[in-house]
Amino acid sequence: MNIFNFFRRSDTKCPRCLGKRFVDWDDIRRLNRQLKWVPAPCAYCDATGRVPKELLSKVAVDCMYLTIDLPESVIEKIKEGDLETIEKGKQRELFVDHLIQYAEHHYLTQNLDAESIANLYLEFEAEKAPFAVTKEELIKYIQGVIELKKSALS
Ligand SMILES: [Zn+2]
């Protein structure tokens, strides 16, 4: 037996990936993060399937910003509850929410395609936005927003 087992903190099955260590489309739909995440190893449990119980009260399971593509130092800061990092994450989520609303609005009211909406965005919105995106990324993203809207309406 391993003596270090005595010192293991009490942990629980990861509520984000349900212990699979990987966040798939089912998890993404369950947590309503369709336009915000893609399937990837779970950042909430660091792809271990288990999390310390105290994490649940510190970081929301659907915290959009906490994804595996962040540098490890940033992931640590989120999990420690670092205010500045969490604020930055909130800004990022607001930015993405705005982008989604913008794309949905122009799709639904004017039936524009992804490229036209991207052009409008770059012309009128990009300058005041807190984060920069390339036209290519934008078109791809808006296409995703439109697809999801279409499937929700059908
Ligand atoms: Zn997990």
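1. Side note on the domain arrangement of the chain
Right, so step 1: The domain architecture assigned to the chain consists of domain 1 (3–81) and domain 2 (85–153).
Right, so step 2: One C-alpha centre belongs to domain 1, the other to domain 2; they are set 26 Å apart.
Right, so step 3: Listed per partner, the contact involves 10 residues of domain 1 and 10 residues of domain 2.
Right, so step 4: Counted by class, the side of domain 1 that touches domain 2 contains six nonpolar, two polar and two charged residues.

2. What about the packing of helix H4 (residues 83–110) against helix H5 (residues 114–124)?
Right, so step 1: Packing of H4 against H5 brings their axes to within 10 Å, and their N-to-C directions diverge by 125°. With respect to their mutual orientation, H4 and H5 come out oblique. Crossing of H4 over H5 shows right-handed handedness. The segment H4 lies against H5, with Tyr102, Ala103, His106 and Tyr107 engaging Ile117, Leu120 and Tyr121.
Right, so step 2: For the contact of H4 with H5, a count of residues per class yields six nonpolar, one polar and no charged.

3. Brief notes about the nonpolar core
Right, so step 1: Judged by nonpolar contacts, the single largest core of 13 residues is most densely connected at Cys14, Cys17, Cys42, Tyr44, Cys45 and Leu66.
Right, so step 2: Setting aside chain neighbours within four positions, we find Cys14 in contact with Gly19, Cys42, Tyr44, Cys45, Gly49, Arg50 and Val51.
Right, so step 3: Listed in part, the 12 residues of the second largest apolar core include Tyr121, Leu138, Tyr141 and Ile142.

4. Concerning unusual backbone geometry
Right, so step 1: Within the chain, Asn32 stands out as a residue other than glycine whose phi angle is a positive 55°.
Right, so step 2: In this structure, Asn32 sits in the loop between helix H1 (25–30) and strand E3 (40–41).
Right, so step 3: Accessibility expressed as a C-beta count within 10 Å gives 9 for Asn32, which makes it exposed.
Right, so step 4: Backbone geometry places Ala47, a non-glycine residue, at a positive phi of 60°.
Right, so step 5: The topology assignment puts Ala47 in the loop between E3 and strand E4 (50–52).
Right, so step 6: Overall, the presence of 16 C-beta atoms within 10 Å leaves Ala47 in the partly exposed class.

The rules behind the values
- Residues numbered from 1 in each chain as written.
- Predicted model: local features only at pLDDT ≥ 70, side-chain atom pairs only at ≥ 80, totals over all residues.
- Domains from an automatic or database assignment.
- Contact = placed C-beta atoms within 7 Å.
- Nonpolar A, V, L, I, M, F, W, Y, C, P; charged D, E, K, R; others polar.
- Axes fitted to C-alpha atoms, helices over the stretch in contact; angles between N-to-C directions.
- Helix = DSSP H or I, 4+ residues; strand = E, 2+ residues; numbered from the N terminus.
- Parallel < 35°, antiparallel > 145°, perpendicular 65-115°, else oblique.
- Left-handed = near helix turned anticlockwise from the far one by under 90°.
- Core = buried A, V, L, I, M, F, W, Y, C linked by C-beta atoms within 7 Å.
- Buried ≥ 20, exposed ≤ 12 C-beta atoms within 10 Å, placed from the backbone.

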